[in-house]
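Working through the structure, step by step
What follows is the residue order along each chain.
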Amino acid sequence: MADNLPTEFDVVIIGTGLPESILAAACSRSGHRVLHVDSRSYYGGNWASFSFSGLLSWLKEYQQNGDTEEETAAAWQDLIHETEEAIALCKKDETIQHTEVFCYASQNSGDSVHEIGALQKNASSVASSTFTEPLPSAELPEERHSYVTNNEMPAKHASESDSKISVEEGDVEESPEKEKYCGDKTCIHPGSDGDKVENKPIVDDDNNQLKRNVITYHQMVQESRRFNIDLVSKLLYSQGSLIDLLIKSNVSHYAEFKNVTRILAFREGKVEQVPCSRADVFNSKELTMVEKRVLMKFLTFCLDYEQHPGEYQDFQQCLFSEFLKTKKLTPNLQHFILHSIAMTSESSCTTLDGLKATKNFLQCLGRFGNTPFLFPLYGQGEIPQCFCRMCAVFGGIYCLRHTIQCLVVDKESRRCKAVIDRFGQRINADYFIVEDSYLNKETCSDVQYKQISRAVLITDQSILKADSDQQISILIVPPVEPGASSVRVIELCSSTMTCMKDTYLVHLTCESSKTAREDLESVVKKLFTPLTETEVDKEELRKPSLLWALYFNMRDSSGVSRSSYCGLPCNVYVCSGPDSGLGSEHAVKLAETMFQEIFPSEEFCPPPPNPEDIIFDGDDKQADAPGTHTTTVANLESPEESKKLESPLQS
């Protein structure tokens with residue numbers, strides 16, 4: 001029970017975001033006693049995913065959270081000794097601001113198929129503090145299990161290679177018959193040549209617009225569990241540090257992934273597909289033959305640019321955009337490379353950074369598909385849960401809805417000795433890891449935070465139609481004003497298990513300069529048409545209809561150094577929340593750096609032991625023959641107890 005926890009641990013971790021969850025798994029895997037707690041009712045913190053109703057409930061909780069005052073500390077101050085002092089932790093999460101919700105879909109529950117011209121007449125817009133019906137409490141997506149087709153083998157029989165990452169590349173709409181579960185293990189769904197045909201954009205003519213399936217608000221609420229909406233929008237680079245860690249630690253067995261199928265570009269008011277691989281380049285109808293040759297020559301140079309310093313030495317201090325102009329690249333190719341391959345800023349990216357980003361993109365091609373990126377089924381929130389599951393399997397204890405009141409610090413040594421929870425329990429540990437949002441205002445008084453602008457949209461069509469409606473796309477929209485941030489758009493289809501059938505889930509992200517709505521609304525208007533009673537022309541009808549939208553600002557603490565925090569004990573380590581980058585490399589690097597600081601002589605997330613090498617206590621204890629190696633583990637639990645460890649413990 002949460003009110004009767006053990007009082008001695010090696011590591012106490014507060015917060016279940018991605019870096020904290022990786023650290024928990026690493027510490028538990030190394031044999032340390034780990035207590036992992038979170039005051040929230042769900043895993044992941046700002047890395048979490050929600051159902052549609054769960055997201056609305058999360059918004060409501062934030063509104064109520066902002067209206068409540070901090071409780072007094074009298075209840076736990078009596079537990080502090082004379083030689084100790086307390087650092088109170090924050091009870092209000094202030095990392096999310098400026099939430100605004102807009103519902104454009106009809107709130108009628110009638111039939112949803114209408115003629116294309118019959119736009120909804122009752123579209124509504126609601127502020128974040130207004131909801132039309134009682135909402136269920138915030139809910140974490142149910143524990144997912146991967147599934148296999150009849151001709152696949154579970155991943156536990158796969159070789160020690162890239163096949164340890166389960167990649168499902170079929171673009172066929174999911175159906176009940178396909179959902180054949182096989183426990184926590186994953187399976188491989190290799191790509192096929194058919195993708196080249198499915199990714200082909202199609203022309204949207206009048207015949208394709210006879211009918212449009214209009215989704216109502218009632219349907220979205222009714223199909224709430226079909227949605228898994230991420231608070232932070234990221235992808236996994238196929239050669240990135242997170243993929244390498246998932247494979248190395250075997251945590252990849254708890255998750256399943258899909259290839260991102262398209263890289264898109266926004267140029268002169270139009271969305272078009274960017275050729276990535278060599279085959280894509282030469283099959284592209286958007287490029288002339290001369291452009292294809294120039295592009296391939298430049299990309300070949302980028303793959304080993306370090307071997308040709310004379311090509312870029314004179315431009316090291318110049319912008320990457322200026323360097324591209326010297327390489328005989330047409331404006332069309334410069335745009336593709338800058339915004340869709342390097343994915344960098346035109347006004348701030350240096351030549352070296354641009355070449356490095358381009359090389360990273362090219363090196364990630366072909367490992368799991370025709371693009372460099374993977375997306376986890378059921379959303380980004382699955383990844384922290386996978387590492388939490390690994391921690392629990394190796395003995396970590398988990399408590400959600402478990403508030404830590406304060407850190408107890410020894411006045412003389414300035415080391416943290418314990419924490420006191422909401423039940424008044426004093427829990428001792430050697431090391432403490434705290435997510436930034438739990439630190440109080442005094443501790444963070446000198447910290448300067450950045451902000452991320454986010455938008456989550458539900459639409460009825462893809463931003464670029466293709467033969468297959470099951471596309472996962474990434475698009476970078478360049479800024480209109482010099483010095484402004486580009487906007488990253490990630491569009492997810494229903495086969496990613498993140499939205500209901502006949503809808504798309506679209507995430508927009510950029511660095512904040514104003515509120516999220518002010519930063520992102522102009523891009524939303526370029527790409528989508530809200531369902532309103534205003535008559536629109538045929539050009540507007542070609543755009544996807546916007547059914548529902550959420551805007552919010554999220555704190556970015558990734559650039560904060562340890563020295564910025566006031567009075568932080570030497571054995572307390574702070575994990576940052578999500579950054580604005582596309583990948584999760586910062587979170588992985590942060591977790592590994594902290595682990596090496598705490599346990600410098602131990603390996604970070606080593607591979608799990610081979611089951612054949614495990615010796616159970618009570619078995620034959622004959623000495624090993626010279627030159628052999630075995631791994632000894634403590635008494636394993638009964639089958640019932642072991643089953644409980646397959647998912648993080650909750651109290």
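Look above for the structure.
Computed from a predicted model, the values in this text were never measured in an experiment.

So, on to the overall build of the protein chain. Of the regular secondary structure elements, the protein chain holds 16 helices and 27 strands. Taking as baseline every contact in the protein chain between residues at least 6 positions apart, the subset at least 24 positions apart corresponds to 76%. Split by element, the accessible area of the protein chain, about 28,800 Å² in all, is 49% carbon and sulfur.

This brings us to the packing of helix H8 (residues 289–303) against helix H10 (residues 331–341). Packing of H8 against H10 leaves a shortest axis separation of 10 Å and a crossing angle of 40°. Relative to H10, H8 is oriented oblique. In the packing of H8 onto H10, the handedness of the crossing is right-handed. Across from Glu291, Val294, Leu295, Phe298 and Leu299 in H8, the residues of H10 making contact are Asn332, Leu333, Ile337 and Ile341. The residue inventory of the contact of H8 with H10, partitioned by class, reads 7 nonpolar, 1 polar and 1 charged.

Right, let's get into the side chain of Thr509. Among the secondary structure elements, Thr509 is positioned in strand E22 (residues 504–511). A residue is classified by how much of its surface remains accessible, and Thr509, at 3% relative accessible area, is buried. Once you skip the residues sitting within four places of it in the chain, Thr509 turns out to touch Ser233, Ile452, Ser453, Arg454, Ser486, Val487, Arg488 and Ser580.

What follows deals with the state of the cysteines. Within this structure, the stated rule accounts for 0 disulfides. For Cys566, which is in no disulfide, the shortest distance to another cysteine sulfur is to Cys444 and amounts to 8.3 Å. Take Cys566: its relative accessible area is 28%, and that puts it in the partly exposed class.

This brings us to the sheet that holds strand E10 (residues 257–259). Here 3 strands make up an open sheet; going across it, the order is E9-E13-E10 and the pairing antiparallel. If you trace the sheet from one side to the other, it starts and ends with strand E9 (236–237) and E10, each paired once. Relative to strand E13 (residues 373–376), E9 runs antiparallel, the two sharing 2 bridges. Pairing of Leu236 across the sheet is with Leu374, part of E13.

A few words now on the pairing of strand E11 (residues 262–267). Burial analysis of E11 places 5 of its 6 residues in the buried class, the great majority of the element. Here 4 bridges tie E11 to strand E20 (residues 473–477), and the two strands are oriented parallel to one another. Across the sheet, residue Ala265 finds its bridge partner in E20, namely Ile476. By the bridge criterion, 4 bridges tie E11 to strand E12 (residues 270–273) in an arrangement that is antiparallel. Across the sheet, Leu264 pairs through a bridge with Gln273, a residue of E12. Counting the residues that bridge the hairpin from E11 to E12 gives 2 residues, and of these Glu268 lies at a positive phi of roughly 55°.

Following the criterion strictly, the structure yields 20 aromatic pairs and no others. Geometrically, the ring pair formed by Phe50 and Trp58 is tilted, given 5.9 Å between the ring centres and 35° between the ring planes. The pair Phe50 / Trp58 is uniform in exposure class, with both members buried. In this structure an aromatic cluster arises from ring pairing among Tyr42, Phe50, Trp58, Tyr62 and Phe552. Between the NZ or CZ atom of Arg389 and the centre of the ring of Tyr254, over which it lies, the distance is 5.3 Å. Its guanidinium or amino end placed over the ring of Tyr449, Arg555 lies 4.2 Å from that ring's centre, counting from NZ or CZ.

Here we come to the packing of helix H6 (residues 241–249) against helix H12 (residues 382–393). Between two packed helices, both the angle of their axes relative to each other and the distance between the axes serve to describe the pair. Orientation of H6 relative to H12, taken along the N-to-C sense of each, is 30°, at an axis distance of 12 Å. Here H12 runs roughly parallel to H6, going by the angle between their axes. Judged by the twist between their axes, the crossing of H6 over H12 is left-handed. In contact with Leu242, Leu245, Leu246 and Ser249 of H6, H12 contributes Ile383, Phe387 and Met390. Classifying every residue of the contact of H6 with H12 by side-chain character gives 6 nonpolar, 1 polar and no charged.

With that out of the way, let us pick up the pattern of salt bridges. The full count for this structure, using the stated rule, is 18 salt bridges. In this structure, the salt-bridge partner of Asp10 is Arg33, at a minimum N-O distance of 3.0 Å. Taken together, the residues Asp10 in the segment before strand E1 (11–14) and Arg33 in the loop between helix H1 (18–29) and strand E2 (34–37) connect sequence positions 23 residues apart. A salt bridge links Glu84 to Arg426; the nearest nitrogen and oxygen atoms lie 2.5 Å apart. Linking Glu84 in strand E4 (residues 84–88) with Arg426 in strand E17 (residues 426–428), this pair joins segments that are 342 residues apart in sequence. The partly exposed category is assigned to Arg426, whose relative accessible area is 21%. Because the salt bridges share partners, they merge into one network encompassing Asp38, Arg40 and Asp93.

Moving on to the environment of Val419. You can see Val419 is positioned in strand E16 (residues 416–421). Taking the relative accessible area as the measure of exposure, Val419 reaches 0% and is therefore buried. Once the C-alpha coordinates of Val419 and Ile87 are considered, the two residues, 332 residues apart in sequence, prove to be 9.4 Å apart.

Definitions and limits used
Residues numbered from 1 in each chain as written. Predicted model: local features only at pLDDT ≥ 70, side-chain atom pairs only at ≥ 80, totals over all residues. Heavy atoms only, no water. Helix = DSSP H or I, 4+ residues; strand = E, 2+ residues; numbered from the N terminus. Contact = heavy atoms within 4.5 Å. Areas by Shrake-Rupley, 256 points an atom, 1.4 Å probe, with all protein chains shown as cover. Axes fitted to C-alpha atoms, helices over the stretch in contact; angles between N-to-C directions. Parallel < 35°, antiparallel > 145°, perpendicular 65-115°, else oblique. Left-handed = near helix turned anticlockwise from the far one by under 90°. Nonpolar A, V, L, I, M, F, W, Y, C, P; charged D, E, K, R; others polar. Buried < 20%, exposed > 50% of the residue type's maximum accessible area, 1.4 Å probe, protein only. Disulfide = S-S within 2.5 Å. Pairing = 2+ DSSP bridges. Phe/Tyr/Trp six-rings, centres within 6.5 Å; stacked < 30°, edge-to-face > 60°. Lys NZ or Arg CZ within 6 Å of the ring centre and 35° of its normal. Salt bridge = Lys/Arg side-chain N within 4 Å of Asp/Glu carboxyl O.

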